[in-house]
Amino acid sequence: MNRRDDAPLDAHDDLSGEAATPESGVRAALVVVSVLLFLEAAAMVALVIWLVIDLFSLEPSSYATAIALLVLVAIGAIWIVTVAFGSLRQAPWSRAAAIVWQILQVSIAVGAFQGLFARPDVGWALLVPAITVVGLLLWTPVRLAYTRPEDHAAA
């Protein structure tokens, strides 16, 4: 009478027979955050490589400006790579650093939507992942996953 195979398939059951738990949703959110951060890190590393190739293959109007831009982008690439690896370990500092990075990315996206050389495609490609990551990092279960175990006892 109360056997599992006699019960109707619940909306929370998957086809393997295991019930979907809230922890699986949090785990999926953590995976999405880490994947998006690693994709952003890969894009920044690619941008550094592209700027290095441009620096040696084209003549910039100002070498000082080109090198300064390359250094700033390299620092940003190192930062986001570090944040992405920190997010894999769920280091508490990586959550705040990822939110700061996403806010910077949103500001660049807003600039991509306007002006003489507006590129809405680039704007959307920057805006959607940034809002997704911020939204997931502000979700309470994900926020708690980035806290230290001793902080759980205090809360």
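I will try to describe carefully the structure that is included in this document. In this text the structure is predicted, and so the values were computed from the model without any measurement. (Residues numbered from 1 in each chain as written. Predicted model: local features only at pLDDT ≥ 70, side-chain atom pairs only at ≥ 80, totals over all residues. Heavy atoms only, no water.)

Section: the environment of W139
Quick note on the threshold: In this description a helix means any DSSP run of H or I spanning at least four residues, a strand means any run of E spanning at least two, and both kinds are numbered starting from the N terminus. We call a residue buried when its accessible area falls under 20% of the maximum for its residue type, exposed when it is over 50%, and partly exposed in between, using a 1.4 Å probe and counting protein chains only. Residue contacts follow a heavy-atom distance rule, with two residues in contact if any of their heavy atoms lie within 4.5 Å.
With respect to the secondary-structure elements, W139 resides in the loop between α4 (120-138) and α5 (140-145). Looking at W139, the relative accessible area reads 37%, which means it is partly exposed. Distance in space between the C-alpha atoms of W139 and A29 is 9.2 Å, their sequence separation being 110 residues. Each residue touching W139, except ones within four places of it in the same chain, is listed here: G25, V26 and A29.

Here we look at the packing of aromatic side chains
Filter applied, for reference: Stacked, tilted and edge-to-face pairs are distinguished by plane angle, under 30 degrees for stacked and over 60 for edge-to-face with tilted covering the rest, among Phe, Tyr and Trp rings (Trp via its six-membered ring) whose centres lie within 6.5 Å.
This structure, assessed with the given rule, holds three aromatic pairs. Between the aromatic rings of W79 and W101, the centroid separation amounts to 5.4 Å while the plane-to-plane angle is 90°, which identifies the pairing as edge-to-face. Taken together, the residues span a long stretch of sequence, with W79 in helix α2 (residues 63-88) and W101 in helix α3 (residues 92-112) at a distance of 22 residues. With a centroid separation of 5.2 Å and an interplanar angle of 75°, the aromatic rings of F113 and W124 are classed as edge-to-face. Highlighted residues: F113 in the loop between α3 and α4 and W124 in helix α4, separated in sequence by eleven residues. Under the relative-accessibility criterion, F113 is labelled partly exposed at 29%.

Brief notes about the nonpolar core
What counts is decided by this rule: To qualify as a nonpolar core, a set must consist of buried Ala, Val, Leu, Ile, Met, Phe, Trp, Tyr and Cys residues joined through side-chain atoms within 4.5 Å.
Formed by 26 residues in total, the largest nonpolar core has its most connected members in V33, L37, I80, L137 and V142. Among the elements of the structure, α1 (22-57), α2, α3 and α4 are those that each provide at least two residues to this core. Sort the elements by how many residues they give to this core and α1 lands first, with eleven residues. Beyond its immediate stretch of four places on either side in the chain, I80 contacts L37, E40, A41, M44 and W101.

Regarding the packing of α2 against α3
The relative placement of two packed helices comes down to the angle between their axes together with the axis-to-axis distance. Note the following rule: Helix axes are fitted to C-alpha atoms over the stretch in contact, other axes to C-alpha atoms as well, and angles between N-to-C directions run from 0 to 180 degrees. Note that the term roughly parallel is reserved for angles under 35 degrees, roughly antiparallel for angles over 145, roughly perpendicular for angles of 65 to 115, and oblique for everything else. Put simply, a crossing is left-handed when the front helix is turned counterclockwise from the back one by less than a right angle, and right-handed when it is turned clockwise. When residues are sorted by character, Ala, Val, Leu, Ile, Met, Phe, Trp, Tyr, Cys and Pro go into the nonpolar class, Asp, Glu, Lys and Arg into the charged class, and all the rest, Gly among them, into the polar class.
Viewed as axis vectors pointing N to C, α2 and α3 meet at an angle of 135°, and their least axial separation amounts to 9 Å. By the angle between their axes, α2 is oblique relative to α3. α3 is crossed by α2, and the crossing has left-handed handedness. For the pair formed by α2 and α3, the contact residues are G76, W79, I80, T82, V83, G86 and S87 on the first element and W93, S94, A97, A98, V100, W101 and L104 on the second. A breakdown of the residues in the contact of α2 with α3 according to their chemical character gives nine nonpolar, five polar and no charged.

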